[in-house]
Amino acid sequence: MIDQFALSQAFTLLFTDLSPWLWVIPGLLIGLIFGSIPGLQISMAMAVFLPVTFGMDFLQAMLFLTAIFTGGAYGGGVTAILMNIPGSSSSIATAFDGYPMARKGQHNEALGLGLCASVVGAFVGYSLLMLLINPLAAFVLKIGPLEMVVVVLWGLTLIATLNDSSMAKGLMAGFLGLMLSQIGMSTTGIMRTTIGNPYLLDGIPVVPAMIGIFAASELLRLRGSSFLVQNEAQRNISFALILKGVGQTFRHPGTLLRGSLIGAVIGAIPGVGSSVANLVSYGEAKRTSKTPEAFGKGAPEGVVAAESANSSSEGGSMTALLALGIPGGAATAVLLAAFSFHNIIGGPSFIRDQTDIVYSIILGNLGQVVLLAFLGLLSLRLLGMVVRVPLAYLVPSVLAMCAWGGYGITGTIAGPLTVAAFAGLGWLMRQNNYPVAATVIGLLLGRMMEGEVVRTLQVSGGRPFEYMMERPIALALFIIMLLVLIGAPALKAFRSRRASHEPN
Amino acid sequence: MVTGKISATHAFLLGLVLAIAGFITWSATQASTTLNNLVVVAPTAIIIGLLSIGIVAKTLLKPATEPSSSSTDKSSIWSDILLLAGFSAFCFALTNVGFDVATFVFVWVGVLMCGSKGKWQPPLYALVFTVFLVKGFGSLFPYPMTTLVL
C-alpha cells in the first residue's frame, strides 16, 4: 500500500532542512484567528494568503495553506464551545454539547476535549489517507448522486433526535429549515420565493443564518445574566483542567475512532465533506450511547464525536484533491489554485509520477497536527478568557461581531439582515423549546438534498428504486442506514423488554 | 380538567412557520409544477401542516400547568425584543450609515441595555471596540466597507 522508496524521499524532502516548516506555525495561527472569528471563513483566509505562496516552492506553499486549513477547522470549534458560534458549518455539532459544558463551568474540560479529539481525528484522517489514497480515490469515483442522497439523508436523520421537549417540535424545526432551503433558484433553474429581491437568488446565505439562529438568538437570552459562567470559582482558566479534558477524550475510544472514520470517509465525498460528517458522527454517537439523554446538555462524548469527525474529514477531503484533482469544497478549491500556480495537476498521474511529493504533503500534515496540539494548548488560555468578560460588555460586542461576520461572508447588506432575521427566529424558537440546531441542519442539507434527488431522478429516468439495485455502494449504505436507524433501536428495545420480563 | 393554552410567542411562531411554508409552496407551484421543482417543497409543506396540527392539539389537550408568565418574565421578554429591535436597526445601519458610527452607537446602547451602570466606561469601551473592529476585523474583509468617521 505504501511505496517505501517514495516515503523515504518524502522524509528527505521534509527533514533535510527546515524551510518547508517555516510557514506552518504562521499558517496555524492565521487559521486559528480566522476560524475563531464569526464570519471569517477558512477558505477566505486561504484565498487571502494565496498570493503569499507565489514566492514559495510547492511543498512550502502546500504546508502553509493546509496549516491554515487545519488551524481554522479547530478555531471554529473553540467559538462553538465558548460562545455557541460555530465558526463554520463543520462545527455545528460541536456547539450542541460544548456550549452547555461551558455554561456549566466546564469550559476548560470542553476545550481540552475539543482539542484532543481534533488532533486525534486529523491524525487518523491523514494516516488513512496515507495508507488508502488509491482505494479511496477509486471509491470516490464510484460515488454518484444516489449515493450522495443516502449520505445526506443520513445527516438529515439527526433532526429527529434533536428535541428539547418533544419530537414533534424537533421535526417541525428541521422541516422549517428544509423549507427555507428551497428559497431562491432551484437546481433546475426555476426561481422560487425571491420576492423580486436579487439577494435571494442564491437562496438564504447559510453561514449568516447559522450565526443568527445559534449565536445572536442565544446572546439575546443571555442579556439578563452577569457572566457566561455564573459560579465565580469556575471562571478560572485552568491548564490542569484543560489537560483533564484532553485525558477525558480517551475515555470514549469508540466514539473517537468511529467519529474519525466517519469523518475520513464522508470527507472524501466531494461536496459533502465536514459539514455532514460532524452531524452524522454526532447522531451515531447519540444513538449508540448508553446515556443518550445526556446529549445536548453537555455530554463530553458529543464534543468528541463532532470534533474528531470534522478534523478527520480534512484528510478525507484531500483524497479527492490529490488523487483525482477534484476539490471537495471551497478550501480545497484554493489548494487546487495553488497547484496550478506551481504548474501541478492533481489526479492519478500526480500520484503515480510524484508520489514523494504526495507523501510529503501527507506527512507534513501529520506534523502540523502535532504542532496544533501544542499551539492549541497555548492559545486556549487566551481564548478561554471570554468567560471572565461581563455579559453586559460581551453580549453587544459579540452581537456586533455577528453582524460584521454576516457582511464578511456576503459582502452586502443581505448578510447582516439575514443574521438579524434568524436571530429573531431563533429567539422565538428558544422561547418555545424548539431545537434551533435542527433548523440549521435542514437549511444546510436541504439544497444539497434537492440537487442530488433531482440528479438521481434524471439519471435513473424516473425510476430511482430500480436504479438503486444497480448501485451496490448506495444499496449497501442504504441498508446500513436502515440497520443503524431502525434495527439497532429495535434490538435495544427487544433486549430491555426481555430483561424486564425475566424473573430476578 | 383544565387544559393548556398556547402562549402568544408560540402562536406567533406557529403562524410564522405556516405563513413561510405556505408562501414558499405557493411561490414554487406558481413557478412550475414539475416533480423536479416540488420534490422537496411539497412533502415538506404537507409535513409542516400536519406537525402544526399535532403540536396545537397536543398543547391544547394536555392538562394546564402553573401559569409561568409572571410580570418579571414579561418584562424580560420585552427587554429581549427591544434589544433584538436595536440589533436589527444596527444591521440595517451598517451599510446605510457607516460601520464605525453604527457599531459605536449600538455597542454603547447595548452595554447600557444589558445592565452596565457606569457612566464613562460604556462609551469608552464602545469607542475602543469600534476602532479595533474597523482597523482589525475590517482590514481582513475582502469587500469595501462604508465608514463615516474612521
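These numbers come from a predicted model, not from an experiment.

(A) Examining the overall build of chain B more closely. Along its length, chain B carries six helices and zero strands. In chain B, the succession of α and β elements from N to C terminus is α-α-α-α-α-α. A compact globule built from 150 residues should have a C-alpha radius of gyration of about 15 Å, whereas chain B, at 23 Å, is more than 25% larger. In terms of overall dimensions, chain B has a C-alpha envelope of 55 × 50 × 20 Å along the principal axes. Counting across all 150 residues of chain B, residues that qualify as buried make up 35%. Taking the contacts inside chain B whose residues are at least 6 apart along the sequence as the reference set, 58% of them involve residues at least 24 apart. Carbon and sulfur atoms make up 72% of the accessible area of chain B, which amounts to about 8,400 Å² in all.

(B) Fine view of the packing of aromatic side chains. All names here are of chain A. Considering all chains together, one arrives at 18 aromatic pairs over all chains under this definition. Ring centres 5.3 Å apart and planes at 75 degrees place the aromatic pair Trp-23 and Phe-64 in the edge-to-face group. Taken together, the positions of Trp-23 in the loop between helix H1 (4-15) and helix H2 (24-36) and Phe-64 in helix H4 (residues 58-83) put the pair 41 residues apart, joining distant regions of the chain. Linked through ring pairs, Trp-23, Phe-34, Phe-49 and Phe-64 together constitute an aromatic cluster.

(C) Here's a closer look at the packing of helix H9 (residues 167-180) of chain A against helix H1 (residues 8-31) of chain B. The contact between H9 of chain A and H1 of chain B brings their axes to 10 Å, and the two run at 35 degrees. Regarding H9 of chain A and H1 of chain B, the two cross each other, and that crossing is left-handed. Contacts from Lys-169, Met-172, Leu-176, Met-179 and Leu-180 of chain A in H9 of chain A reach His-10, Leu-14, Val-17, Ile-20, Ala-21, Ile-24 and Thr-25 of chain B in H1 of chain B. Considered class by class, the residues forming the contact of H9 of chain A with H1 of chain B number nine nonpolar, two polar and one charged.

(D) Representation of the side chain of Glu-314 of chain A. All names here are of chain A. With respect to the helices and strands, the residue Glu-314 is situated in helix H14 (residues 300-324). Within the buried core, Glu-314 has no salt-bridge partner, and the shortest N-O distance to an opposite charge, that of Arg-258, equals 20 Å. Non-local contacts of Glu-314, meaning those with residues more than four positions away in its chain, are made with Thr-66, Phe-69, Thr-70, Ala-73, Tyr-126 and Asn-365.

(E) Broad picture of the pattern of salt bridges. Residues and elements named next belong to chain A. This structure, assessed with the given rule, holds six salt bridges over all chains. Residue Glu-450 is joined to Arg-192 by a salt bridge in which the shortest nitrogen-to-oxygen separation is 2.8 Å. In this pair, Glu-450 sits in helix H20 (residues 436-459) while Arg-192 sits in strand S2 (residues 191-192), placing the two residues 258 residues apart along the sequence. On the accessibility criterion, Arg-192 (0% relative accessible area) is buried. As a salt-bridge pair, Glu-218 and Arg-430 come within 3.1 Å of each other at their nearest N and O atoms. In this pair, Glu-218 is assigned in helix H10 (residues 206-222) and Arg-430 in helix H19 (residues 414-431), connecting sequence segments 212 residues apart. Each member of the pair, Glu-218 as well as Arg-430, carries the same accessibility label: buried.

(F) Focus on unusual backbone geometry. Residue and element names in this part refer to chain A. Of note, Asn-343 is a non-glycine position whose phi angle comes to about 55 degrees, a positive value. Inspection of the secondary structure assignment puts Asn-343 in the loop between helix H15 (330-341) and helix H16 (348-353). Non-glycine residue Asn-433 carries a positive phi angle of around 60 degrees.

(G) Up close: a nonpolar patch on the surface. All names here are of chain B. On the surface, a nonpolar cluster with roughly 530 Å² of combined accessible area is contributed by Val-97, Leu-127, Val-131, Leu-148, Val-149 and Leu-150. Inspection of the secondary structure puts Val-131 in helix H6 (residues 121-137). By relative accessible area, which is 34% here, Val-131 ends up partly exposed.

(H) Quick peek at the UniProt feature "transmembrane region" (unreviewed entry) in chain A. All names here are of chain A. UniProt's feature table lists "transmembrane region" (unreviewed entry) at residues 20-40, 111-133, 139-159, 203-220, 321-345, 357-378, 390-407 and 473-491, given in the numbering used throughout. Regarding residues 139-159, the helix share stands at 81% and the strand share at 0%, and the terminal C-alpha atoms are separated by 28 Å. The distance separating the terminal C-alpha atoms of residues 203-220 is 26 Å; by composition the span is 83% helix and 0% strand.

(I) Fine view of helix H11 (residues 239-249) of chain A. Those residues of H11 of chain A lying buried are Ile-242, Gly-245, Val-246, Gln-248 and Thr-249 of chain A. Take H11 of chain A and look down its axis: the buried residues cluster within an arc of 160 degrees, on one side only.

(J) The UniProt feature "transmembrane region" (unreviewed entry) in chain B, seen in detail. Residues and elements named next belong to chain B. Annotation from UniProt places "transmembrane region" (unreviewed entry) at residues 6-26, 38-61, 81-112 and 124-143. With 90% helix and 0% strand, residues 6-26 has its two end C-alpha atoms placed 27 Å apart. Secondary structure across residues 124-143 divides into 70% helix and 0% strand, with the first and last C-alpha atoms of the span separated by 28 Å.

(K) Highlighting the state of the cysteines. All told, the structure shown has zero disulfides over all chains when counted by the stated rule. Counting only cysteine sulfurs, Cys-91 of chain B is the nearest neighbor of Cys-402 of chain A, a cysteine outside any disulfide, at a range of 9.0 Å. Cys-402 of chain A gets classed as buried once you look at its relative accessible area, which sits at 0%.

(L) Fine view of the confidence of the model for chain A. Averaged over every residue, the pLDDT of chain A is 83; the share at 70 or more is 94%. Helix H8 (residues 158-161) of chain A is the least confidently modelled element of chain A, averaging 70 in pLDDT, while H19 of chain A averages 93, the highest of any element.

Calculation notes
- Residues numbered from 1 in each chain as written.
- Chains lettered and ligands numbered in written order.
- Predicted model: local features only at pLDDT ≥ 70, side-chain atom pairs only at ≥ 80, totals over all residues.
- Heavy atoms only, no water.
- Helix = DSSP H or I, 4+ residues; strand = E, 2+ residues; numbered from the N terminus.
- Rg over C-alpha atoms; globule rule 2.2 N^0.38 Å.
- Buried < 20%, exposed > 50% of the residue type's maximum accessible area, 1.4 Å probe, protein only.
- Contact = heavy atoms within 4.5 Å.
- Areas by Shrake-Rupley, 256 points an atom, 1.4 Å probe, with all protein chains shown as cover.
- Phe/Tyr/Trp six-rings, centres within 6.5 Å; stacked < 30°, edge-to-face > 60°.
- Axes fitted to C-alpha atoms, helices over the stretch in contact; angles between N-to-C directions.
- Left-handed = near helix turned anticlockwise from the far one by under 90°.
- Nonpolar A, V, L, I, M, F, W, Y, C, P; charged D, E, K, R; others polar.
- Lys, Arg positive; Asp, Glu negative; His and termini not counted.
- Salt bridge = Lys/Arg side-chain N within 4 Å of Asp/Glu carboxyl O.
- Patch = residues over 30% accessible without salt bridge, like charges linked within 9 Å, V, L, I, M, F, W, Y side chains within 5 Å.
- UniProt positions renumbered as here; feature names shortened; annotations may be inferred.
- Arc of directions from axis to C-beta.
- Disulfide = S-S within 2.5 Å.
- pLDDT = per-residue confidence, 0-100.

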